Amino acid sequence: YGGRDEVVEAARRAAGDCVKGVLRVEDIDDAALSGRMWSAGVPDPDLVVRTSGERRVSNFLLWQLAYAELYFTDATWPEFGEEELVTAMRHYLKRSRR
């Protein structure tokens, strides 16, 4: 999986639908591309947890992360348990979503 590949594939699908006459170029918008993503039909995440002290998204869900809250932790994935999840959720609940 790669977020960039997913966006490119969605754009190709939209272009292909334009060629077929299924979609007009002027109708390509956020919804048109979202519906062609590999994750189509799955809600975008509200919270994404990044483990292992990394401070980057690593080409993960690039389109879907547009409005997600990001939580970074030094805990590695095997160490990330209920206590870390509760901490992440508490941070999320304190944030003001606009």
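Note: the structure precedes this text.
Source: prediction; values computed, not measured.

**Q** Mind showing me how you'd approach the pattern of salt bridges here?
**A** Two side chains that carry opposite charge are able to pair once their charged atoms sit near each other. Applying the stated rule across the entire model yields seven salt bridges. For Glu9, the salt bridge goes to Arg13, with nearest N and O atoms at 3.3 Å. A residue pair is termed a helical-turn pair when its members lie 3 or 4 positions apart in one helix, as Glu9 and Arg13 do in helix H1 (residues 3-20) at four residues. You can call Arg13 partly exposed: its relative accessible area is 35%. Put simply, Arg24, Glu26 and Asp27 are held in one network by salt bridges that share partners.

**Q** Would you take a moment to explain unusual backbone geometry for this structure?
**A** Generally, phi is negative for residues other than glycine and the peptide bonds are trans, each holding for most cases. A positive phi is found at Ser58, a non-glycine position, where the angle reads about 55°. For Ser58, a relative accessible area of 33% gives the class partly exposed. You will see that Asn59, though not glycine, has its phi angle at about 65°, which is positive. Note that Asn59 resides in the loop between strand E1 (47-50) and strand E2 (69-72).

**Q** Please explain a nonpolar patch on the surface as it appears in this structure.
**A** A cluster of nonpolar side chains, Tyr1, Trp38 and Phe60, forms an exposed patch at the surface whose accessible area comes to about 370 Å². Following the sequence through the fold, Phe60 ends up in the loop between E1 and E2.

**Q** Looking at this model, I keep getting lost on the pairing of E2. Mind explaining?
**A** Put simply, side chains in a regular strand alternate between the two faces of the sheet. Only one face of E2 is covered, namely the face carrying Glu69 and Tyr71; the face carrying Leu70 and Phe72 is uncovered. As paired strands, E1 and E2 are joined by four bridges and run parallel to one another. Looking at the pairing, Val48 lines up with Leu70 of E2.

Quick notes on the rules
- Residues numbered from 1 in each chain as written.
- Predicted model: local features only at pLDDT ≥ 70, side-chain atom pairs only at ≥ 80, totals over all residues.
- Heavy atoms only, no water.
- Salt bridge = Lys/Arg side-chain N within 4 Å of Asp/Glu carboxyl O.
- Helix = DSSP H or I, 4+ residues; strand = E, 2+ residues; numbered from the N terminus.
- Buried < 20%, exposed > 50% of the residue type's maximum accessible area, 1.4 Å probe, protein only.
- Patch = residues over 30% accessible without salt bridge, like charges linked within 9 Å, V, L, I, M, F, W, Y side chains within 5 Å.
- Areas by Shrake-Rupley, 256 points an atom, 1.4 Å probe, with all protein chains shown as cover.
- Pairing = 2+ DSSP bridges.

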